[in-house]
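Residue strings, one per chain:
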Amino acid sequence: MTTEQKRLDDPAWRQWGPYVSDRQWGTVREDYSANGDAWGFTTHDMARSYTYRWGEDGIAGFCDDHQTLCLGLALWNGQDPILKERYFGLTNGEGNHGEDVKELYYYLDNTPTHSYQRMLYKYPQAAYPYEQLLAENRRRTRLEPEYELLDTGLFDEDRYFDVFVEYAKAGPQDVLMTVTVHNRGPERASLTVLPTLWFRNTWRWGDDSDGVTSQRPTISLRQDGFLRATHQQLGNYALYADGQPDWLFCENESNRARLYNAHDGTPYPKDGINDHVVHGAGTVNPEQTGTKAAARYQLTVEAGGQAVVRLRLALTTDVHTLVPEPFRGFDDLVAQRKKEADLFYAAVQPANATDDEKHVQRQAFAGMLWSKQFYYYDVSRWLAGDPTQPPPPPERKYGRNHTWLQLINAGVISMPDKWEYPWYAAWDWSFHCVTLALIDPELAKQQLMLLTNEWYMHPNGQLPAYEWNFSDVNPPVQAWAALHVFMLCREVHPTGEADHGFLRAIFHKLMLNFTWWVNRKDEMGNNIFEGGFLGLDNIGVFDRNAVLPNGSHLEQADGTSWMAMYALNMMRIALELARHDDVYGEMATKFFDHFLYIASAMTHIGQDGVGLWDEQDRFFYDQLRMSDGSVEKMQVRTLVGLIPLFAVDVLDDDLLRQNPSFLARMEWFRSHRPDLYNQVSRYTEKGADETRLLSLLRGFRLKSLLRWMLDEKEFLSPHGVRAVSQAYRDNPYTFTLDGTTFRLDYAPAESNSDLFGGNSNWRGPVWMPTNYLMVLSLDTFYHYFGDGFTVEYPVGSGKQISLRTAADEIANRLISLFTRDANGQRAVLKQYAKNQDPNFCNHVLFYEYFDGDNGRGVGASHQTGWTGLVAGLIHRKYVEK
C-alpha cells in the first residue's frame, strides 16, 4: 500500500480539507426574504460586508470539517475597486443563460485525505470588468452565446497572474500553504497577496444547533510574530507567515453602516481589511486582534518571473507545541507530499492508459475532491429565525421547504459545483460516489449512507432533492449507485465482508424510499409513474411539474423506467444479501414482482391496451392520460425514450442456485402469468455463460431503440449520445394542449427557453451521467447476448458490431471530449480563446454538459460532480471485462 492509501484508515487525516464553498451568497440558506428571492437577498456586492449565517466562501478555501476555522486567499492588483476574496458571477436573472461564474480557476490535483492539493486562479492585471460582464450578458438574448471573461480582451497580451495555491499536510492538524505567483505578462507588475484566516461566525445567532460553541473565538498577533487562533472546542492554532508581512485584523461581522445605514456595529467589520487595503480606511483593528486576519504581502514580479509566499497553520497543545522553525524543510515536505500523491495515483490509475488519459482522469479526481464542502442547513431553525435576530417575515413559514422540518444537515458533502451548485442534489450525489469509490471506497459508502440518514430523509421516505425545493424528485439512482460502489469495492476486497454490511444498511433505508415512490408517484395505481421534474429540466414539451388542465396528467416513460431500474437494483442487492441471510430472498422476490408489473405496464396498460411503447415508431414516449381515461402520446424522440435501456440486469446460475425460492418464483410467472412473461426479456432462457436476462427490452425492442440511438442523424454525436434527436433542428415538434401550442426543437448547447430558468438544457446536448448509464447498460446486455447479437454502427454504415463494441465506441467518444485530438486540441475547450496556449490547454474543465454538435463545454464550468464519471470510463477502458 502507498503512504496515502494507509492514511485513508486514519480519520484524523480527513479533519482538514477544501471544505469551504466557492459561493455562499445567493443560496437558499442565506435567504430570509418573504418572496424567496435568494439571489436578491444576498448578492455578490453584499458578500464582502455581510456575515453569513450558514457557511463561508472564498478562493482556495481550506477548513476543518465543522468549518470552525477557515484559511483562504485574497488578492488585489491595485486596479480593482474591491479585493478579490471570492469568485464573481452572474445571478440566474443576470446571465443570458442563467447563473454563470465569470472567473478562470482550475482544480489541478488532490488526494483523498487532502495531504496534498493544488489549484490555479488566473487574475487579470487590469481592473476586473465587473460592470462590462454584467451589462453585456444582460444585453444578449438566449440566442446569443454567453459573454465570458476571456472575451473581454484582458488576457490577449498575457497581462495576468497565474496564482497557484498548494496545500500539503505535515500532519493531520499541520497544514502548509504555498502561494506561487507567475507574471505571464510582458512587463513587471505588482500584486498584493493576502492569505486570510477567519472563524465562521457561530456566536451571533444564539444557542447554535450545530454543536459549535456560541462563545466568541479570537485571533491575535503574538510577540514572536505568529497568529494565535483560539477556539473553545477546536483548540489553539498557530499561523506562521514566512517573511515579514503586515498583519491586518477585523471581525467577521456585518458592516451594518454599509448594508443598513445603521451605526451600531463594530468599527472593524468583515470588509474592514478590504476598505483598508483598497481605500486606506482606518477599518482594521490597531490592537491586532479580531476574528478575521490577513497577512499582507506586496509583491513586484518581473515579466515571466515568479514570487512565492509560504504559510503554516498548526495545532498547538501540550502535545503539539509551537513549531520552532516552521519553514525549515518546508519545500522538501511539500515535494514529499507531491511525490506521495504521484505514487498513490500510479497505484490506482490503469497502467496502460495513455499519459493524456491519466492526466484527464487525475484532474477529474482532483475536481471531485476539491468539491467537498461543509454544508449546514437546519430547516426548522432557518424558518423560525434566530433568537438574537429580527424574526423572518411570516410568509416564510409556509414557503420553501416548510414541510421538511426534520432536515438538519451539518457535515462535509460532495457537491456538484461549489459555485454554480453549492448544494447537493440527490441524483448528482449518487454519481459522485461511483467515481469516488475508485480512489476512496469508504468515503463513497459514507456519502451514500448520509443521504438516507434520518436527518436527510423525510419521515415519509422521500429523499431531499435539492435546497431550492427538497420536495422535488430526482431519478432514484441511489440503489444503482450502492450496487455499483459495492462491485467496485469488491475488486479491491474480494471477500466483500464489510461491503455486505454497507449493503444491508442502505437496503433497509432505500426500502422506505421505494415505498414512497410507489405510494406517491403512481396516481392511477397502474404501475406507470409520473415522477415530474426528474432532474431533466426542460426535456419535456412543457413543465413536467405543472398541474395540467381538465384533470389530465403525464405518464412518463422515464419515470416508469427509473422505477423499473430501481426495482431491479433492489432485487439484485437483496439477492447479494441472500447469499448470507435467507430472509433477503423473499425481499428479492418482492422487487422481482414489482419489476414485472412495471415492465408489463410499459407496453400494455389495463383493458385499453395502450402502453408507453409505440409499435409503429418502435420507441417509448410519454403520454397524457385525460380525465376520461383516453391517452395521447407525446411522439417526440428524446432521452426519455432511451432510459428503458437502463433497467437491465443479468443473473448467473451460481447466484440463482443460492436462491432456489427466487428461481421458483421466476418459473411460476412463466407458467401462470404468460401475459407478463411475454412482455419482457426471456429471463428463463439462458444466454452466454449460463446467464439470464432481466430487462424491459426483448431483443427486437433493444435493436429498435439502438437504431435510433446509434444514428448520427438522430442521437449519436461525435462525443456521445444527445439528449434529443437532432432531427428536430429543422422540424421542431409541436403539441397543442387546451388551446396552447408547445414547441420543442433541437438546441445542441445553451437553452433557448427560460423553462426552469434556462441555466441547463436537455434539448440536444450530451450529458455524462445518462451516457455513463448507457455504456454500462450495453455492457450488461452484452454479458447475456455475447458476440452473436450485433447492431449496425453507426446506422447507415453497414458495419455490424457487438454490444460490447458499441459500448466501447460510445465510451471512447465521451473520453474524447477531454483528451487531445490529432490536432492537439480538446473538444471541451475548442471554443476557448486560449485553447492552444500552453498555460491554458492542459488545465481541463469538467463542464455540466456538452454541445451536441462539437463537444464544447456548456453550463457550470466546474461540474466535476457527475462529469467526473469520465474517470470511471477511463478505468473501464483498461480493466478486464
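Residues numbered from 1 in each chain as written. Predicted model: local features only at pLDDT ≥ 70, side-chain atom pairs only at ≥ 80, totals over all residues. Heavy atoms only, no water.

Counting secondary structure elements, the protein contains 23 helices and 34 strands. Within the protein, the fraction of its 881 residues that count as buried is 66%. Long-range pairs, those at least 24 residues apart, make up 71% of the contacts in the protein between residues at least 6 apart in sequence. (Helix = DSSP H or I, 4+ residues; strand = E, 2+ residues; numbered from the N terminus. Buried < 20%, exposed > 50% of the residue type's maximum accessible area, 1.4 Å probe, protein only. Contact = heavy atoms within 4.5 Å.)

Attention now moves to the layout of surface pockets. Estimates place the volume of the largest pocket at around 1200 Å³. Around the largest pocket sit 35 residues that line it, and His-484, Met-487, Leu-776, Asp-779 and Thr-780 are the ones nearest its centre. Across the lining of the largest pocket, the residue classes tally to 16 nonpolar, eight polar and eleven charged. Considered as a void within the structure, the second largest pocket measures approximately 640 Å³ in volume. Around the second largest pocket, the lining comprises 22 residues; the ones closest to its centre are Trp-205, Arg-256, Tyr-260, Gln-389 and Pro-390. Split into classes, the residues belonging to the lining of the second largest pocket amount to ten nonpolar, six polar and six charged. (1 Å grid on protein atoms, 1.4 Å probe; cavity = no way out; pocket = protein on both sides within 12 Å on 5 of 7 lines; lining within 4 Å. Points joined across faces, edges and corners; volume = space filled by probe spheres on them. Nonpolar A, V, L, I, M, F, W, Y, C, P; charged D, E, K, R; others polar.)

Take helix α15 (residues 583–603) next. Between the first and last C-alpha of α15 there are 32 Å, a value that for 21 residues agrees with the 30 Å anticipated at 1.5 Å per step. Burial of α15 is extensive: 17 of the 21 residues sit out of reach of the surface. (Expected span 1.5 Å × (residues − 1).)

Scanning the entire structure with this criterion turns up 65 aromatic pairs. Aromatic side chains Phe-431 and Trp-480 sit 5.5 Å apart centroid to centroid with 55° between the ring planes, which places their arrangement in the tilted category. Within this pair, whereas Phe-431 is found in helix α10 (residues 426–436), its partner Trp-480 is found in helix α12 (residues 478–492), the two being separated by 49 residues in sequence. In textbook terms, an aromatic cluster arises when at least three aromatic residues are bridged by ring pairs, as seen for Trp-54, Phe-374, Tyr-375, Tyr-376, Tyr-377, Trp-382, Trp-404, Tyr-424, Trp-429, Tyr-456 and Phe-470. The ring of Tyr-128 has Lys-84 lying over it, and the distance from NZ or CZ to the ring centre is 3.6 Å. (Phe/Tyr/Trp six-rings, centres within 6.5 Å; stacked < 30°, edge-to-face > 60°. Lys NZ or Arg CZ within 6 Å of the ring centre and 35° of its normal.)

The next point concerns the side chain of His-484. Looking at the secondary structure, you find His-484 in helix α12. Of the residues examined, His-484 reaches a relative accessible area of 17% and is grouped as buried. Residue contacts for His-484: discarding those within four places in its chain leaves Val-434, Tyr-772 and Leu-776.

Attention now goes to the pattern of salt bridges. Taken as a whole and assessed by the stated rule, the structure comprises 62 salt bridges. Across the pair Glu-103 and Lys-84 runs a salt bridge whose closest N-O atoms are separated by 2.7 Å. Residue Glu-103 is located in the loop between β5 (100–101) and β6 (104–110), and its partner Lys-84 is located in the loop between β3 (69–76) and β4 (89–90); the two are separated by 19 residues in the primary sequence. By relative accessible area, Lys-84 is classed as buried at 0%. Here Glu-187 ties to Arg-159 by a salt bridge, and the two come within 3.5 Å at their closest N and O atoms. In this pair, Glu-187 is assigned in the loop between β9 (174–183) and β10 (189–199) and Arg-159 in the loop between α4 (130–139) and β8 (160–171), connecting sequence segments 28 residues apart. For Glu-187, a relative accessible area of 46% gives the class partly exposed. Exposure remark for Arg-159: the relative accessible area of 29% places this residue in the partly exposed category. One connected set of salt bridges, linked through shared partners, spans Asp-653, Glu-667, Arg-670, Lys-686, Glu-690 and Arg-692. (Salt bridge = Lys/Arg side-chain N within 4 Å of Asp/Glu carboxyl O.)

For the rest of this paragraph, the subject is the state of the cysteines. The final tally for this structure, using the stated rule, is zero disulfides. The thiol of Cys-250 is not disulfide-bonded; the next cysteine sulfur, from Cys-70, is found 13 Å away. Cys-250 sits in the buried class, given a relative accessible area of 1%. With no disulfide partner, Cys-489 has as its closest neighbouring cysteine sulfur the one in Cys-433, 11 Å distant. Under the relative-accessibility criterion, Cys-489 is labelled buried at 1%. (Disulfide = S-S within 2.5 Å.)

The strand order β20-β23-β24 describes an open sheet built from three strands, whose pairing is antiparallel. For this open sheet the edge positions go to β20 (553–555) and β24 (631–633), each flanked by a neighbour on one side alone. Pairwise comparison of adjacent strand axes, ignoring direction, gives a mean angle of 30° for this sheet. Across three bridges, the pairing between β20 and strand β23 (residues 623–625) is antiparallel. Opposite Leu-554, over in β23, you have Leu-624 as the bridge partner. (Pairing = 2+ DSSP bridges. Axes fitted to C-alpha atoms, helices over the stretch in contact; angles between N-to-C directions.)

Once that is clear, we can look at the pairing of strand β12 (residues 227–231). Of all five residues that make up β12, four are buried, and the element is covered over most of its length. As paired strands, strand β11 (residues 218–221) and β12 are joined by four bridges and run antiparallel to one another. Counterpart to Leu-221 in the pairing with β12 is Leu-227. Counting the residues that bridge the hairpin from β11 to β12 gives five residues, and of these Gly-225 lies at a positive phi of roughly 95°. Here five bridges tie β12 to strand β13 (residues 235–241), and the two strands are oriented antiparallel to one another. Within the sheet, the bridge partner assigned to Ala-229 lies in β13 and is Tyr-237. In this antiparallel pair of consecutive strands, β12 and β13, the connection spans three residues.

Turning our attention to the pairing of strand β19 (residues 408–414). Counting buried positions over the seven residues of β19 gives five, a clear majority of the element. Inspection of the sheet shows strand β18 (residues 372–378) paired to β19 by seven bridges, in the antiparallel sense. Bridge pairing links Tyr-377 to Asn-409 in β19.

Moving on to unusual backbone geometry. In most cases, non-glycine residues show a negative phi, while peptide bonds are predominantly trans. Residue Pro-794 is bonded to the preceding Tyr-793 through a cis peptide linkage, with omega at -20°. Along the polypeptide, Pro-794 turns up in the loop between β31 (790–792) and β32 (800–802). Here the phi dihedral of Asp-158 falls at roughly 60°; this positive angle occurs in a residue that is not glycine. Here Asp-158 shows up in the loop between α4 and β8. Judged by its relative accessible area of 25%, Asp-158 is partly exposed. With a phi close to 55°, Arg-618 is a non-glycine residue in the positive phi region. Positionally, Arg-618 belongs in the loop between β21 (613–614) and β22 (619–620). Overall, the relative accessible area of 31% leaves Arg-618 in the partly exposed class.

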